[in-house]
Amino acid sequence: MRKFEDTYQHKGMRNQLVKLLRTKGITDENVLTAINNIPRHFFLDSAFDKIAYEDRAFPIGEDQTISQPYTVAYQSQLLQVKRNEKILEIGTGSVYQASVLAEMGARVFTIERQKKLYDRHKDFVFKAKYPNIKFFFGDGFLGLPTYGPFDKIIITAAAPYIPPKLIEQLKAGGFMVIPVDDAEAKSQRMLRLTKNENGSYAEESFDAFSFVPMLTGKNG
Ligand code: SAH
């Protein structure tokens, strides 16, 4: 079995990463503290040990990636996470983003459509530390109707459109942070939607990002 060690070198590199995120405009101290507390190298193959704190995405198998730390920080900041909030995440992947939310005290419900990635949660290194993360195998376009409504929803794959079922599962006053395909730019525009009392939503538009695609149906 792999031995997980968080050395002084790792902590030092993590500190540098947090400094870099500050220079890039991340100001939410709760987000920065969570990133500083979580050994990102535990979420990657040991081959990435020395580079795990570079601000870039890395492969995690099944053609998927762990998001870039800046992207994780950016989406987490837009969510304005508060303790005990119920947050639905689409795209579990490496569980890193879910761990950042859990470290901030949220109750996280995360869905993954790739069976092989979903199955890894059984050996998740922080299973005992984050009992506030619940794992689901399914299609994120459908959400989790029996567990909703949610205070916040975060989509960590490139959405072709805003999934109506996810809007339904959002509480009034709640946020959805979602990267939506921008056909002309071949990238995604980060949007924050705020649900109104009447079920409609207001839209704020932020920077452009590049995610792996959000796909329909389950795989495996
Ligand atoms: N949040 C992840 C990022 C993973 S990349 C992390 O921190 O590592 C995006 C993930 O979304 C992939 O694992 C992909 O399989 C998953 N995904 C894509 N479409 C999906 C869908 N419709 N429902 C659930 N997961 C989906």
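Refer to the structure printed above.
As the structure is a prediction and not an experimental result, all values here were calculated from the model. (Residues numbered from 1 in each chain as written. Predicted model: local features only at pLDDT ≥ 70, side-chain atom pairs only at ≥ 80, totals over all residues. Heavy atoms only, no water.)

J.: Please explain the site of the ligand as it appears in this structure.
T.: Near the ligand there are 27 residues, and of these G91, S94, E112, G140 and L215 occur at the shortest range. G91 is positioned such that a nitrogen or oxygen atom in its backbone is 2.8 Å from a nitrogen atom of the ligand. Within the complex, the protein chains bury 99% of what would otherwise be the 580 Å² of accessible surface of the ligand. Contributing elements (two or more residues each) for the shell around the ligand: β2 (64-66), β3 (86-90), α4 (96-103) and β4 (107-112). With three residues, the single largest contributor to the shell around the ligand is β2. For the shell around the ligand, the per-class residue count stands at 11 nonpolar, 12 polar and four charged. (Near = heavy atom within 4 Å. Polar contact = N/O pair within 3.5 Å; in protein donor to acceptor, adjacent residues only side chain to side chain. Areas by Shrake-Rupley, 256 points an atom, 1.4 Å probe, with all protein chains shown as cover. Helix = DSSP H or I, 4+ residues; strand = E, 2+ residues; numbered from the N terminus. Nonpolar A, V, L, I, M, F, W, Y, C, P; charged D, E, K, R; others polar.)

J.: Help me understand the side chain of Q188 in this model?
T.: Its place among the elements puts Q188 in strand β8 (residues 187-195). Judged by relative accessible area, which is 6%, Q188 ranks as buried. In this structure the side chain of Q188 is engaged in a polar contact, spanning 3.2 Å, whose partner is the side chain of D181. Excluding anything up to four places from it in sequence, Q188 contacts A158, P179, V180, D181, D182, D207, A208, F209, S210 and F211. (Buried < 20%, exposed > 50% of the residue type's maximum accessible area, 1.4 Å probe, protein only. Contact = heavy atoms within 4.5 Å.)

J.: Looking at this structure, I do not really get helix α2 (residues 29-37). What am I missing?
T.: An α-helical turn contains 3.6 residues, so a residue and the one three or four places further along point in the same direction. Residues of α2 that are buried include every one of V31, L32, A34 and I35, and no others. For α2, the angular spread of the buried residues around the axis is 160 degrees, confining them to a single face. The distance from a side-chain oxygen at the start of α2 to the backbone nitrogen of N30 is 2.9 Å, and the residue carrying that oxygen is D28. (Arc of directions from axis to C-beta.)

J.: Before we go on, may I ask you to explain α4 in this structure?
T.: When you tally the buried positions in α4, you get seven out of eight residues, the bulk of the element. Looking one or two residues beyond α4, the residue adopting positive phi is G105, at roughly 95 degrees.

J.: For this particular structure, what's the right way to read the environment of L191?
T.: Structurally, L191 can be placed in strand β8. Linking L191 and E85, residues 106 residues apart in sequence, is a C-alpha distance of 20 Å. Each residue touching L191, except ones within four places of it in the same chain, is listed here: I162, M176, V177, I178, V180, E203, E204 and S205.

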